[in-house]
Amino acid sequence: MAAANCLLTEDQFLCSICLDVFNNPVSTPCGHNFCKTCITTHWDTNVPCQCPNCNKVFYTRPELFVNTFISEMAAQFRQSAQQKASSSSSEQQVSKPGDVPCDICAGTKLKALKSCLVCLVSYCETHLEPHLTKPGLKRHQLIDPVENLEGRMCLKHDKLLELFCKTDQTGVCMLCTDHKTHDVVPLKEEYEGKKAELGKTKVKMQQMIQKRRLKIDEIKRSVKLSAKDADREIADGVQVFTALKESVERSQAELMDTIKEKQRKTEKQAEGFIKELEQEISELKKRSTELEQLSRSEDHLHLLQSSVSLNTAPPTKDWTKVSILPPSHVGTVRRAVNELEDTINKQMQTLFARVELQRVQQYAVDVTLDPDTAHPKLILSDDGKQVKRGDVKKNLPNNPERFDYCVNVLAKQGFSSGRFYFEVQVKGKTKWTVGVVGESINRKGNITPSLQNGFWTVSLRNNNEYYALADPAVCLSLESQPETVGVFVDFKEGLVTFYDVDAPDVICSFSGSTFSEKLYPFFNPGPNHDGQNSAPLIISPVNC
C-alpha cells in the first residue's frame, strides 16, 4: 500500500469540486470520484445530473456508492498531508497583530501570503498551493495579503476597485460611469502620490517631535539651572544675613562697652567727689571739736588767743555748683547706629557685589584670540590667551576680518543668544580697552567706539583714568584700580556689565541694548609707551 501511495500524485486525492482531499469519496457511473457532499450538492442545484469532469448526462439520478479503495488512500494521503502541513506550518510565520491571517487555517492562524480577488479569501503558503497549480485557479488574480477584501470590490458591479475618484475621495471600478466627469486616476498612482505625501508629513511630524523633545530638554535644563540658582541664592542669603548678624552683634558689643565705660567714668568721678566731701567733713568735725573744747576753757587769755584761728571754718569747696548727672547715651546710641549703618552698607555692597559676580561667573565661556582679526602689530601667544603690542608691523593678508588701522583683535568665539562671561587680566598696564562688539563692525581705517557703532567697551588711559566707550567718553570713578576685568553679557536683558573681579565691584553697566547680531569679545592692549605698557592682556581662567 505504501508503494502504491508513492506512485499516486496529489491531484488524484483532490475533489475537483472543493479542491480539497476527498472526504467520504463516491464514484459516479462514468468512473469519476467526488466527495459525497460535493457531488450531491452539485446535482441538487443542476438539472439534469451531469458529471463535472466529463460532462456525461444522467437523466436518472445515479445511486452513489462509497469507493472504499479511494477512501482508504485519501485517508492515508490526508494524514501525510497533515504531517507535511504541520511541518510547513512550523516554518511559516504565525499571524501576529498587524498581519493579515489566513482565512482557511483552523486553530492557529498562519500569516497570509496572498489574497485572491476572485475568491475574496486570504491564503497562507500551504492553502495557496491550489491557486499556483490548478489551471482553473491560476486565472484568479492574486495580490499581496490585505484585510477586508469585500471592501475592495465594487458593490454595484462586483469588480475590483482599480481606480480612485479624487473628486469624491473614493475607490471606483472600471464600470462606474457615475464618475466619468470626475478627476479619476489609477488607484496605484494615487496610492504612490499619497504615500509620498504621507512620507513628507511623517518627516514633518518627526521634526515636530524632535523640536518638542529638544524643548523638553531645554525646559529640564532650565529647571535644573533654576534649582542651582535657588541653592546659590539660599547660600548667598545665608552668607549675607550671617555677615549682617555678625556686624550687628559686634556693634552691639561695642555700644555696650562704650556705655559701660561712661558709667565707670561717672562712678569714678562720684567716688572722687565723695572722698573730698568726706575729707572736708572730717576737717569740719575736727574744728567743731576744738571749738567745743575752747568754749569750755576757763583760761581767758587762751580762749581769746585761740578764737582768732578757730573762729573761722577751714577752707572748703563750693559744692553748690558740683553735681553728678547720669550720662546721656542717646548720642552714643545714635553714633553707634550711624556707624553700624555705614559698616553694614559697605559690607552689603561688597557682599552683593561678590554674590552678583559669583552668579555671572557660572556663565563663563572659553575664549581664544582670533589671529585672522589681529592687527599686524599685535603679538598673540601660541595658546591664543595673551596679546600685546609689538613694534614691527608684520606682513599679513589684509583679509576682510582683520583690523588694518586700529590695533585691535577679536575672539574666535561669537555668541548670539543666552548669557556669557569672560575675564581679562589687565595688571601692570597703563592703557587698554576690553569689551564686546557686533560682528558687522567696521574693521578698516580709524574707528570710533560707540554704542551706535556696535561697541560696548571700557578703557584705561593715562594709568588711572577709566572711561566707558569713547564717543561720548564717560569718565568712571573707581575706588581701586582693577587688575582683572570681568565682562558679562545677557542677550535677553540687553545688558553688558563690567566687573572689578578682585574688589569685587561693578565698574559700569550698559542696559537697554538691542543685540541684533553675534557679539565677539574685543581686546586692545594699547601702545607700549617705551615699555611702560608692555604687559599683555591675558584671558584668564574663571575661578567661581
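Here is a short report on the structure shown in this document. (Residues numbered from 1 in each chain as written. Predicted model: local features only at pLDDT ≥ 70, side-chain atom pairs only at ≥ 80, totals over all residues. Heavy atoms only, no water.)

Comments concerning the overall build of the protein chain
Selection criterion: Every helix listed is a DSSP run of H or I at least four residues long, and every strand listed is a run of E at least two residues long, numbered separately from the N terminus. We take the radius of gyration over the C-alpha atoms and set the globule estimate at 2.2 Å times the residue count to the 0.38 power. Any two residues whose heavy atoms approach within 4.5 Å are treated as being in contact.
Summing up its helical and strand segments, the protein chain has eight helices and 24 strands in all. On C-alpha atoms alone, the protein chain measures out to a radius of gyration of 56 Å, which is more than a quarter above the 24 Å that the 2.2 N^0.38 rule sets for 544 residues. Taking the principal axes of the C-alpha coordinates as reference, the protein chain spans close to 205 × 85 × 55 Å. Residue pairs at least 24 apart in sequence account for 55% of intrachain contacts in the protein chain once pairs closer than 6 positions are excluded.

A closer look at a negative patch on the surface
Basically, it comes down to this: Here the term patch refers to residues with relative accessible area over 30% and no salt bridge, with like charges joined within 9 Å and nonpolar side chains (Val, Leu, Ile, Met, Phe, Trp, Tyr) within 5 Å. Methods summary: accessible areas were calculated by the Shrake-Rupley approach with a probe of 1.4 Å, and residue burial reflects only the protein chains presented. Between Lys or Arg on one side and Asp or Glu on the other, a salt bridge is scored when a side-chain nitrogen of the former is within 4 Å of a carboxyl oxygen of the latter. The convention is simple: Lys and Arg are positive, Asp and Glu are negative, and His and the chain ends are not counted. Every charge is mapped onto a representative atom, which is NZ of Lys, CZ of Arg, CG of Asp or CD of Glu. Here's how the labels work: a residue is buried when its accessible area is under 20% of the maximum for its type, exposed when over 50%, partly exposed in between, all with a 1.4 Å probe on protein chains only.
Taken together, the side chains of Glu 254, Asp 257, Glu 339, Glu 341 and Asp 342 present a region of like negative charge at the surface. Elements with a contribution of two residues or more to the negative patch: helix H6 (187-295) and helix H8 (330-361). It is H8 that contributes the most residues to the negative patch, three residues altogether. Considering the arrangement of structural elements, one finds Glu 341 in helix H8. You can call Glu 341 partly exposed: its relative accessible area is 43%.

Describing a nonpolar patch on the surface
A surface patch of nonpolar side chains, amounting to about 240 Å² of accessible area, comprises Met 205, Met 208 and Ile 209. By the element assignment, Met 208 lies in helix H6. Given a relative accessible area of 32%, Met 208 falls into the partly exposed group.

Considering the sheet that holds strand E9 (residues 163-165)
Note the threshold: For two strands to count as paired, DSSP must find a minimum of two bridges between them. Geometry is summarised by axes, namely lines fitted to C-alpha atoms with helices restricted to the contacting stretch, and by angles between N-to-C directions that run from 0 to 180 degrees.
Read across the open sheet, the three strands follow the order E10-E9-E11; overall the sheet is antiparallel. The open sheet has two edge strands, strand E10 (170-172) and strand E11 (184-186), and neither has a second partner. Each neighbouring strand pair of the sheet contributes to a mean axis angle of 35°, computed without reference to strand direction. As paired strands, E9 and E10 are joined by three bridges and run antiparallel to one another. Looking across to E10, one finds that Phe 164 is bridged to Gly 171. Lying on the sheet, H6 is in contact with E9 and E11; it crosses E11 at an angle near 85°.

A short note on the packing of H6 against helix H7 (residues 300-310)
Put simply, the test is: Angle categories are assigned with fixed cut-offs, so that under 35 degrees is roughly parallel, over 145 is roughly antiparallel, 65 to 115 is roughly perpendicular, and the rest are oblique. Left-handed is the label given to a crossing in which the near helix is rotated counterclockwise from the far helix by less than a right angle, and right-handed is the label when the rotation is clockwise. Here the nonpolar group is Ala, Val, Leu, Ile, Met, Phe, Trp, Tyr, Cys and Pro; Asp, Glu, Lys and Arg are the charged ones; every other residue, Gly included, is treated as polar.
Running from amino to carboxyl end, H6 crosses H7 at an angle of 160°, the nearest separation of the two axes being 11 Å. Considered as vectors, H6 and H7 are oriented roughly antiparallel to each other. For the element pair H6 and H7, the recorded crossing hand is left-handed. Within the contact between the two elements, H6 uses Arg 287, Glu 290, Leu 291 and Leu 294 and H7 uses His 302, Leu 303, Ser 306, Ser 307, Ser 309 and Leu 310. Here the contact of H6 with H7 is built from residues that sort into four nonpolar, four polar and two charged.

Points about the packing of aromatic side chains
Centre distance and the angle of the planes are the two values used to describe a pair of aromatic rings. The following threshold applies: Working definition: rings of Phe, Tyr and Trp (its six-membered ring) pair if their centres are within 6.5 Å, and the pair is stacked with planes under 30 degrees apart, edge-to-face with planes over 60 apart, and tilted otherwise.
Scanning all chains against the criterion turns up twelve aromatic pairs. With 5.6 Å between their ring centres and 80° between their planes, Phe 455 and Phe 522 make a pair best called edge-to-face. Taken as a pair, Phe 455 in strand E17 (residues 455-461) and Phe 522 in strand E23 (residues 519-524) lie far apart in primary sequence, 67 residues in all. Put simply, the rings of Phe 415, Phe 420, Trp 456, Phe 491 and Phe 515 touch in pairs and so form one group of aromatic residues.

Points about the pairing of strand E22 (residues 505-510)
Examined bridge by bridge, strand E21 (residues 495-500) and E22 share five bridges and lie antiparallel to one another. Considered in E22, the bridge of Tyr 499 is made with Val 506. Following E21, the chain reverses through four residues before pairing antiparallel with E22.

Remarks on the pattern of salt bridges
When their charged atoms lie close together, side chains carrying opposite charge are able to pair. Scanning the model with the defined rule gives twelve salt bridges in all. Glu 190 serves as the salt-bridge partner of Lys 166, at 4.0 Å between the closest nitrogen and oxygen. Remark: Glu 190 occurs in helix H6 and Lys 166 occurs in the loop between E9 and E10; sequence separation between them is 24 residues.

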